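The residues making up each chain are set out below.
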Amino acid sequence: MRSGITAKREEFEEIVHRFEVPLLQYARRITGDREQARDVVQETFVKFQRNGALRREDEPATWLFTVCRNAALNVCRKERRMMYVDEDVIEVRESEQPMPFDRLEQKEATGFLLRIVSTLPVRQQEVIQLKFQNDLSYQQIAEIMQTTANNVGVLLHTALKTLRHRYAQVAGDFIPFRPRPIE
Amino acid sequence: MNVDDPKLTAFALDELDEPKRSAIARAIADSREVQRFVAETQEFAVALRSEYRLALERELVAPRKLTAIQGDGFWSKTGPLTIAAVIAVLAVVGAVMFSSNESRMSASSRSNLPRHLAGDRAQPNQFAPVEAEDAARPDQNEKLQADAGPYAFTGERPFVSVKSRPRSSVSLVVNSPSYLDVRRSINEGLLPPRESVRIEGMINHFPYEYPQPNAGESFSLNLDVVICPWEQTHRLVRIGLKGNQGVTVRADSRIEVEFNPQRVASYRLIGYDRQEAEPQDSNEKNVGSYSIAAGYSLTTLYEVVPLKHVRAAPGTHMPNAAGEEAELLLTARLNIPGNDAASGFIERNLSDTGFDFAAAPNDLKFAAAVAEFGMILRDSEYKGNGSLQQVIEWAQQGRGADVNGYRADFIELVRKAQSLKKS
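Cut-offs applied
Residues numbered from 1 in each chain as written. Chains lettered and ligands numbered in written order. Predicted model: local features only at pLDDT ≥ 70, side-chain atom pairs only at ≥ 80, totals over all residues. Helix = DSSP H or I, 4+ residues; strand = E, 2+ residues; numbered from the N terminus. Contact = placed C-beta atoms within 7 Å. Buried ≥ 20, exposed ≤ 12 C-beta atoms within 10 Å, placed from the backbone. Axes fitted to C-alpha atoms, helices over the stretch in contact; angles between N-to-C directions. Parallel < 35°, antiparallel > 145°, perpendicular 65-115°, else oblique. Left-handed = near helix turned anticlockwise from the far one by under 90°. Nonpolar A, V, L, I, M, F, W, Y, C, P; charged D, E, K, R; others polar. Pairing = 2+ DSSP bridges. Core = buried A, V, L, I, M, F, W, Y, C linked by C-beta atoms within 7 Å. pLDDT = per-residue confidence, 0-100.

Let's talk about the overall build of chain B
And then number 1: A count of helical and extended segments in chain B gives 15 helices and 11 strands.
And then number 2: Within chain B, contacts between residues at least 6 apart in sequence are counted, and of these 79% link residues at least 24 apart.

Listed below in structure tokens is the structure:
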């Protein structure tokens, strides 16, 4: 028979495995810094281990992303980068990388669509990641981002629309079988 | 309802409760534009999930190793339990990766959208016949076509006798979204309907490496031949075209292929299957021009039956012409009307090297795998003795650098199709 400690450890292992990289990417998007993102994620797991027993019955994703998000925003606050903390500013801030498809390491790091995602405003990137990487519902995403499910729907709709538009703009350069008709 | 309504995105992503969902399904029943929007949203959702998963697979090992070696504040804060956890995690990366794939698959197959909506994208004339003379003389090959058996119209291109028709041609434009349709269908747990499998579209969905055009030429035209992997007495010919950005070509521009009747008994263009309702004159609508985008390429496959492997009909005899002429398999020509003679006309010859499939370039192996996958999905009478397992093997052999992970994604798709076929 498995001991309670073994079971608990296995449960934790699985959660670390499942969420570590998504949380790293999520935190990095907010802090803009890889090392700070690692600190934030480690802090999140430490908190989860301390408090996790209380929340055993819940789906851990909402809890983890919420705690991770708050920790990441705290880092920004400490760094006095207030513009990143202000939600409205985050919403309109375009990524610093407009459409930098020519950087080799970027081409290799992620797929074509994800590169376009990285050009969206940060909050739109956030909903896209939570929805399509982590399969969270509008309601769960709303809890994490401290907003309404309606607003999540609008953000996602806008993000997909922009994504589609930019995809069409650049697809000609990447999808070799579709020459552009001349207007 | 218009496509600017966020509720449509929620509908497409299966985020609505039942009464709202049905209400929207009814509201959009008459609008093709809105239905297309929904289908496209779902396509993007599938593609995004897949890219996130691939990106995750790539990142899973690297950052962990870094963490384990560097040993920063994390360890002192978390204690031995977590250290054990992370080490254990390193060992089970593969196993959990599979289980998370499954959960994502089932998530994407939850869609409530009727299949006919999602798949309803084919447009009339989208897949115009590539050989005008085929359409005009459909009974030219009645003897070969008769072998198709008493089944419904399959639209497959038959083997064509070189003696009766030595020339074939293909358009420079493949306008088929087929691969994404096939992919979505399999990811939803359904083998795609035969007519939705457009092999030329599947092959050309993937990027291939061809040399840049020579100085002074607008295109590079590349020919290869190997033993056909699904029918070892046949040859598989690949024609690869790569174009420079900015060249303008007429929509009716074609690559012409002329087979040598002294070497080739018959040939079959792979893919470009005819649609049942396809109008005969669809070529005439193929007017206008295209500007070639950067990175344009076209990959076309022919399955070729060498003369020595077919029974000689009475009255025919093997020519004894010596030298290269006898080895010449085919000549391919690219003629871009309107371009100046120097850059608009390219001609290449291909001789039968008899190379084994194992010696084929990676890209050719991969394209062959995609073609055979399409033929198996269509249950083509020309699929030969290939199997889905072999498709996986050929694709793995031809995977190459696979910078974007498209080929890995294909291999996974074939595996899914394999398990669907078994069930």
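Structure shown, so let's carry the discussion forward.
A word on the overall build of chain A
And then number 1: Within chain A, the secondary structure is distributed over 10 helices and 1 strand.
And then number 2: The helix and strand sequence of chain A, counted from the amino end, reads α-α-α-α-α-α-α-α-α-α-β.
And then number 3: Across the 183 residues of chain A, 40% fall into the buried class.
And then number 4: Taking the intrachain contacts of chain A between residues at least 6 apart in sequence as the baseline, contacts between residues at least 24 apart amount to 58%.

Let's talk about the environment of A:N134
Residues and elements named next belong to chain A.
And then number 1: Position of N134 among the secondary structure elements: in the loop between α8 (122–133) and α9 (138–145).
And then number 2: Of the residues examined, N134 has 21 C-beta atoms within 10 Å and is grouped as buried.
And then number 3: For the pair N134 and L23, spaced 111 residues apart in sequence, the C-alpha separation works out to 10.0 Å.
And then number 4: Those residues in contact with N134, other than ones at most four positions away along the chain, are P22 and A61.

Concerning the packing of helix α2 (residues 34–51) of chain A against helix α3 (residues 60–78) of chain A
Residues and elements named next belong to chain A.
And then number 1: In the contact formed by α2 and α3, the axes pass within 9 Å of each other and the chain directions differ by 135°. When the axis of α2 is compared with that of α3, the two are oblique. The chirality of how α2 crosses α3 is right-handed. Contacts between α2 and α3 involve Q36, V40, V41, E43, T44, K47 and F48 from the former and L64, V67, C68, A71, A72 and V75 from the latter.
And then number 2: Looking at the contact of α2 with α3 residue by residue, the class counts come to 9 nonpolar, 2 polar and 2 charged.

So, the packing of α8(A) against α9(A)
All names here are of chain A.
And then number 1: Viewed as axis vectors pointing N to C, α8 and α9 meet at an angle of 135°, and their least axial separation amounts to 10 Å. Accordingly, the angle class assigned to the pair α8 and α9 is oblique. In the crossing of α8 with α9, the sense of the turn from one axis to the other is right-handed. Between α8 and α9, the contacting residues are E126, V127, L130 and K131 on the first element and I141, I144 and M145 on the second.
And then number 2: Here the residues of the contact of α8 with α9 sort into 5 nonpolar, no polar and 2 charged.

Focus: the sheet that holds strand β1 (residues 160–161) of chain B
Residue and element names in this part refer to chain B.
And then number 1: Read across the sheet, 5 strands follow the order β1-β7-β9-β4-β3 without closing on themselves; strand pairing throughout is antiparallel. This sheet does not close on itself; its edge strands, each paired only once, are β1 and β3 (219–227).
And then number 2: In terms of strand pairing, strand β7 (residues 264–269) meets strand β9 (residues 297–306) through 5 bridges, oriented antiparallel. Paired with Y267 across the bridge in β9 is V304.

Regarding the nonpolar core
And then number 1: Core analysis: the biggest nonpolar cluster contains 68 residues, and B:V237, B:V264, B:A367, B:V370 and B:A371 have the highest contact counts within it.
And then number 2: Per-element accounting of this core gives the leading share, 11 residues, to helix α13 (residues 362–377) of chain B.
And then number 3: In this structure B:A367 touches B:I203, B:Y208, B:R238, B:T299 and B:L301, once residues within four positions along its chain are discounted.
And then number 4: Core analysis: the second largest hydrophobic core is formed by 56 residues, A:L136, A:Y138, A:L155 and B:L8 among them.

Quick look at the confidence of the model for chain B
All names here are of chain B.
And then number 1: Residues of chain B with pLDDT of at least 70 account for 65%, and the chain-wide mean is 73.
And then number 2: Segment residues 278–286: pLDDT under 50, and 12 contacts once partners within four positions in sequence are set aside and those in other chains are kept.
And then number 3: Across residues 309–324 the pLDDT falls below 50, and counting only partners more than four positions away or on other chains, this stretch makes 10 contacts in the model.
And then number 4: In the model output, the complex is listed with pTM 0.48 alongside ipTM 0.78.

Brief notes about the confidence of the model for chain A
Residues and elements named next belong to chain A.
And then number 1: Put simply, chain A has an average pLDDT of 74, and 68% of its residues get 70 or more.
And then number 2: Of all the helices and strands in chain A, strand β1 (residues 180–181) carries the lowest mean pLDDT, 38, while α9 carries the highest, 93.
And then number 3: Taken together, the stretch residues 82–109 has pLDDT below 50 and engages in 28 contacts with residues farther than four places along the chain or on a different chain.

Focus on the sheet that holds strand β2 (residues 167–171) of chain B
Residue and element names in this part refer to chain B.
And then number 1: In spatial order, the strands read β2-β6-β10-β11; together these 4 strands make up an open sheet with antiparallel pairing. A strand with exactly one partner marks an edge of an open sheet, and here the two such strands are β2 and β11 (345–351). Taken pair by pair, the neighbouring strands of this sheet meet at an average axis angle of 20°, ignoring direction.
And then number 2: Alignment of β2 against strand β6 (residues 254–259), held across 5 bridges, turns out to be antiparallel. Bridge pairing links S169 to E256 in β6.

With respect to the environment of B:N187
And then number 1: The topology assignment puts B:N187 in helix α9 (residues 178–187).
And then number 2: In sequence terms B:N187 and B:K416 are 229 residues apart; their C-alpha atoms lie 7.5 Å from each other.

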